[in-house]
Amino acid sequence: MLETLFSTYLSSTIRFWFLIAPFFVVTMFLALTRGLPASEKASIIRRACISALILGLILFFAGPLLFNAIGITLNSFRIGAGALLFLTAISLVTSGTRNHATSLPDEDREDVAVVPLAIPVMIGPATIGAILVYGAELKEVPEVVGGLLGLVTSLFFLGVLLRLSSYLEKALGKTGLNIMSKISGLILSAMAAEIVLTGIAGFIASTQTA
C-alpha cells in the first residue's frame with residue numbers, strides 16, 4: 001500500500017509539475033506583477049496557488065462524473081485531451097509560450113491572482129483535460145491519495161518558484177526562462193503522446209472485446 005502511494009505520489013508530482021509549465025508561469029507572473037511591492041506579489045502568489053489547487057481538486061474528482069454525464073469513454077477523452085496537450089507542447093517548444101495564454105490582458109485588472117494567473121496561465125484548457133484523465137485513471141485509495149498529494153506538492157513548488165522569480169530572472173534572463181519553457185514543452189509532448197497512444201490502445205481493445 002505504501003509502495004503504491006509513494007510511486008503514485010512521485011509520478012503524479014512530476015506529471016503535474018510539467019503540466020503546469022512552471023517556467024512559463026514564472027514569465028507571465030513577472031510580466032503581470034512588474035512594479036508591484038513584494039508584499040502584494042506574495043499575496044498574489046498565495047491566492048493564485050490556492051485558486052489553482054481548488055480547481056485542480058474539483059477536476060481531479062470530476063472526470064468519471066463528467067464522462068458518464070456526456071456519454072463518452074475515458075479512452076475517447078484521453079485521445080482528445082492528449083491532442084490538445086500536444087498542441088500546447090508544440091507552442092511551448094516553438095515559442096516558449098502556451099497557445100491559450102500568449103499575451104497579457106488588454107484591460108488593467110485590480111487582481112490578477114485568479115484571472116489570468118491561476119486560470120488560464122496555471123490551469124489552462126490542456127491542463128484541465130489532462131487532470132480529468134489522470135483523476136479518472138486512479139482507482140485505488142493509495143493511488144488517489146498519492147495523486148492528490150502530487151497535485152498539492154507541484155503547486156507548492158510552483159509557489160516557491162514564483163517567490164524566487166525575481167532571482168530567476170536575474171540568473172537566467174528572459175532567454176534562459178524561454179529555453180526552460182521549451183524544455184518543459186518537449187517533456188509535455190511526450191506526456192501527450194503517451195495519453196493519446198494509451199487512449200487509442202484502450203479504444204481498440206474495447207472494440208475487439210465488444
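Structure first, text after, so check above.
First, a word on scope: everything that follows refers to the structure included in this document. This one's a predicted model, so the numbers in the text were calculated from it and none came from an experiment.

Quick look at unusual backbone geometry now. Here Val-115 and Pro-116 are connected by a cis peptide whose omega angle stands at 10°. Look at the link from Ile-119 to Pro-120: it is a cis peptide, with omega at 10°. Turning to its location among the elements, Pro-120 is positioned in helix H5 (residues 113-122).

Moving on to the packing of aromatic side chains. Summed over the entire model, instances satisfying the criterion amount to four aromatic pairs. When the ring of Phe-60 is compared with that of Phe-61, the centres are 5.4 Å apart and the planes differ by 80°; the resulting orientation is edge-to-face. The partly exposed category is assigned to Phe-61, whose relative accessible area is 47%. Judged by centre distance (5.9 Å) and plane angle (50°), the ring pair of Phe-156 and Phe-157 falls under tilted. The class for Phe-157 is partly exposed, based on a relative accessible area of 42%.

Counting 56 residues, the largest nonpolar core has Leu-117 and Met-122 as its most contacted members. Among the elements of the structure, helix H1 (2-20), helix H2 (22-32), helix H3 (38-70), helix H4 (74-95), H5, helix H6 (125-137), helix H7 (141-163) and helix H8 (165-209) are those that each provide at least two residues to this core. Top element by residues in this core is H3. It accounts for nine residues. Once residues lying within four places of it in the same chain are set aside, the contact partners of Leu-117 are Val-25, Phe-29, Leu-32, Ile-44, Ala-48, Val-112 and Met-122.

For the rest of this paragraph, the subject is the environment of Ala-62. Turning to its location among the elements, Ala-62 is positioned in helix H3. With 70 residues separating them in the primary sequence, Ala-62 and Leu-132 have C-alpha atoms 6.7 Å apart.

So, on to the pattern of salt bridges. When the charged atoms of two side chains lie near each other, side chains of opposite charge can form a pair. Enumeration according to the criterion identifies three salt bridges in this entry. As a salt-bridge pair, Arg-15 and Glu-137 come within 4.0 Å of each other at their nearest N and O atoms. Pair noted here: Arg-15 is in helix H1 and Glu-137 is in helix H6, with a separation of 122 residues, a long-range link. Of the residues examined, Glu-137 reaches a relative accessible area of 26% and is grouped as partly exposed. Across the salt bridge formed by Arg-78 and Glu-137, the nearest N and O atoms sit 2.9 Å from each other. Taken together, the residues span a long stretch of sequence, with Arg-78 in helix H4 and Glu-137 in helix H6 at a distance of 59 residues. The exposure class of Arg-78 is buried, given its relative accessible area of 11%.

A cluster of nonpolar residues, Phe-156, Phe-157, Val-160, Leu-164 and Tyr-167, forms a patch on the protein surface that exposes about 520 Å² of accessible area. Per-element accounting of the nonpolar patch gives the leading share, three residues, to H7. By secondary structure assignment, the location of Leu-164 is in the loop between H7 and H8. By relative accessible area, Leu-164 is classed as partly exposed at 41%.

The next thing to look at is the packing of H2 against H7. Where H2 meets H7, the closest approach of the two axes is 10 Å, and the angle between their N-to-C directions is 40°. Taken as axis vectors, H2 and H7 run oblique relative to one another. Once H2 is placed against H7, the crossing between them reads as right-handed. Of the residues in H7, those in contact with Pro-22, Phe-23, Val-25, Val-26 and Phe-29 of H2 are Leu-158, Leu-161 and Leu-162. Of the residues in the contact of H2 with H7, the class split is eight nonpolar, no polar and no charged.

Where H1 contacts H8, the two axes come as close as 9 Å, and the packing angle between them is 120°. Between H1 and H8, the angle is such that the two are oblique. You can see that H1 and H8 cross each other, and the crossing is left-handed. Of the residues in H8, those in contact with Arg-15, Phe-18 and Leu-19 of H1 are Ser-184, Ile-187, Leu-188, Met-191 and Glu-194.

Conventions and cut-offs
Residues numbered from 1 in each chain as written. Predicted model: local features only at pLDDT ≥ 70, side-chain atom pairs only at ≥ 80, totals over all residues. Heavy atoms only, no water. Helix = DSSP H or I, 4+ residues; strand = E, 2+ residues; numbered from the N terminus. Phe/Tyr/Trp six-rings, centres within 6.5 Å; stacked < 30°, edge-to-face > 60°. Buried < 20%, exposed > 50% of the residue type's maximum accessible area, 1.4 Å probe, protein only. Core = buried A, V, L, I, M, F, W, Y, C linked by side-chain atoms within 4.5 Å. Contact = heavy atoms within 4.5 Å. Salt bridge = Lys/Arg side-chain N within 4 Å of Asp/Glu carboxyl O. Patch = residues over 30% accessible without salt bridge, like charges linked within 9 Å, V, L, I, M, F, W, Y side chains within 5 Å. Areas by Shrake-Rupley, 256 points an atom, 1.4 Å probe, with all protein chains shown as cover. Axes fitted to C-alpha atoms, helices over the stretch in contact; angles between N-to-C directions. Parallel < 35°, antiparallel > 145°, perpendicular 65-115°, else oblique. Left-handed = near helix turned anticlockwise from the far one by under 90°. Nonpolar A, V, L, I, M, F, W, Y, C, P; charged D, E, K, R; others polar.

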